[in-house]
Amino acid sequence: MKLINRRLYFDYNATAPLSESVINYLRNGVFVFGNPSSIYTEGREARKLISETFDFLRQLFQIPIEGHEIFFHSGATEAINSLVKGMAMYASSQGQKFHFFYSAVDHSSVVKQALHLPLLGHEAHSISVDSNGEIDLEVIIQKIKQQKGLKLFNFTQVNNETGVVWPLEWAIKVKQATDCFVHVDSVQAPGKIVSWASPSYELDSYTFSAHKFGALKGVGFTILSQNLPWIPMQMGGGQQKGLRAGTENTQGIYSIKLALEELHSTFAPQTIKTQKDALELALEKMLGAEGQITAKKASHRNLNTINITFNHDIKGELLIAALDLAGLAVSSGPACSMGVSVASRVLLEMGLSERMAKNSLRISLGPKITEEDIAQARDIFSVVLPKYLDRA
Ligand code: PLP
């Protein structure tokens, strides 16, 4: 069988290829270079691209005119660090204690804050998940109520490793029952859940990262309630109303508008789901008793992610290399752990065995996935996978 027709990229949770509109812009664009803070023509040209993006985001995400800000940054890692440390600093300035509630299945940019907050005299509280990667709202509410001071709950809307979705209604329940501020990590939402462009402004902030939806890397944006008490971490020239100082990345910011416009106008959730379900079914049949789909019984899963765990040692890097040679790019878990064979922290937290947590595969489809792509992927898996199963 001829395996390589063309390469298939199935690692959209790690990063997305550039959108066509961004590629066209980069190919044909007359790049503005002015500093957007400058008042002469070159500066105003740059400011115009940022303002257009700003207005587009306000419209797309129906952001209320009053009470909410948007600021651009270098990506979700920076934004989450700035918000968490910024709230801790604010609490210190008021003689208060800061309590940060997070889940061990959140992204490392969230989880690693827990290490630093005690050094600043504050506290981080980990929230556990069940075997489907879901949280118990009553337990969280009680945990939050037990603490006094300034509180923030990080709510990961879509898990990057498993595709488990936590509906925003869950976060709203916590918010309504407590005096906690809520930050939503929406990095994995665009193009991967039906309602990705419909946030609820009962919650306090949402963070997005441009490279996950086809815009340039090293840029992102956060939607923020003006009520959230924090001291922004990036201090300097006072750009972006002081929320994130530093000269704006004009091209990167404009790429957000281009990519989201394209995603929004071409988004076909039912097609993505149909293709994902077809591949998942085929993989389940190939795996038999030797592996399973992670969080298959979760009450809400996203449109694009299939995480498989194996019951025996498959040497994940070798399987990924074999799939790569056959023309298929998939990942063994969180993007940042590629190349290092460690058990997935997320899968361990969900109660999976060390062996299963070490032997996993993550397939994450793009918004323009086709039936032909899935047929080609199925062919590749059906040749490569049996060599890595116990029966081989
Ligand atoms: N949060 C989630 C859920 C993610 O998946 C990622 C990246 O993988 C991040 C945060 C960090 O995003 P960035 O690459 O923009 O720093």
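Notes on the structure in this doc start here. (Residues numbered from 1 in each chain as written. Predicted model: local features only at pLDDT ≥ 70, side-chain atom pairs only at ≥ 80, totals over all residues. Heavy atoms only, no water.)

With respect to the nonpolar core
Then comes step 1: Membership of the largest hydrophobic core comes to 98 residues, with the highest contact counts inside it found for Phe10, Phe61, Phe221 and Leu260.
Then comes step 2: Considering every element that reaches this core, the biggest residue donor is helix α8 (residues 250–266), with seven residues.
Then comes step 3: The contact partners of phenylalanine 10, leaving out residues within four places of it in the chain, are Leu279, Leu328, Ala329, Val330, Arg362, Ile363, Ser364, Leu365, Ile369, Asp373, Ile374 and Ala377.
Then comes step 4: Core analysis: the second largest hydrophobic core is formed by 23 residues, Phe71, Leu83, Ala88 and Ala91 among them. (Core = buried A, V, L, I, M, F, W, Y, C linked by side-chain atoms within 4.5 Å. Buried < 20%, exposed > 50% of the residue type's maximum accessible area, 1.4 Å probe, protein only. Helix = DSSP H or I, 4+ residues; strand = E, 2+ residues; numbered from the N terminus. Contact = heavy atoms within 4.5 Å.)

Concerning α8
Then comes step 1: The terminal C-alpha atoms of α8, which comprises 17 residues, lie 25 Å apart, in line with the 24 Å expected from a rise of 1.5 Å per residue.
Then comes step 2: A large share of α8 lies buried, amounting to 13 of its 17 residues. (Expected span 1.5 Å × (residues − 1).)

Regarding the sheet that holds strand β4 (residues 123–127)
Sheet strands associate in pairs through backbone hydrogen bonding, adopting either a parallel or an antiparallel arrangement.
Then comes step 1: In space, the seven strands of this open sheet follow the order β2-β8-β7-β6-β5-β3-β4, with mixed pairing throughout. Lying at the two open borders of the sheet, with one neighbouring strand each, are β2 (68–73) and β4. For this sheet, the mean inter-axis angle between neighbouring strands, taken without regard to orientation, is 20°.
Then comes step 2: As defined by bridge partners, strand β6 (residues 181–185) adjoins strand β7 (residues 205–209) across three bridges and the pair is classed as parallel. (Pairing = 2+ DSSP bridges. Axes fitted to C-alpha atoms, helices over the stretch in contact; angles between N-to-C directions.)

Regarding unusual backbone geometry
Then comes step 1: Even without being a glycine, glutamine 62 presents a positive backbone phi close to 45°.
Then comes step 2: With respect to the helices and strands, glutamine 62 occurs in the loop between α2 (41–60) and β2.
Then comes step 3: Taking relative accessible area as the criterion, glutamine 62 reaches 46% and is therefore assigned partly exposed.
Then comes step 4: The residue glutamine 240 is not glycine, and still its phi comes out positive at about 50°.
Then comes step 5: When you line up the elements, glutamine 240 lands in the loop between β8 (220–225) and α8.
Then comes step 6: Of the residues examined, glutamine 240 reaches a relative accessible area of 16% and is grouped as buried.

Here's the deal with a nonpolar patch on the surface
Then comes step 1: Judged by side-chain polarity, Leu18, Leu26 and Phe31 come together as a nonpolar surface patch covering roughly 220 Å² of accessible area.
Then comes step 2: As for its position among the elements, leucine 26 is in helix α1 (residues 20–28). (Patch = residues over 30% accessible without salt bridge, like charges linked within 9 Å, V, L, I, M, F, W, Y side chains within 5 Å. Areas by Shrake-Rupley, 256 points an atom, 1.4 Å probe, with all protein chains shown as cover. Salt bridge = Lys/Arg side-chain N within 4 Å of Asp/Glu carboxyl O.)

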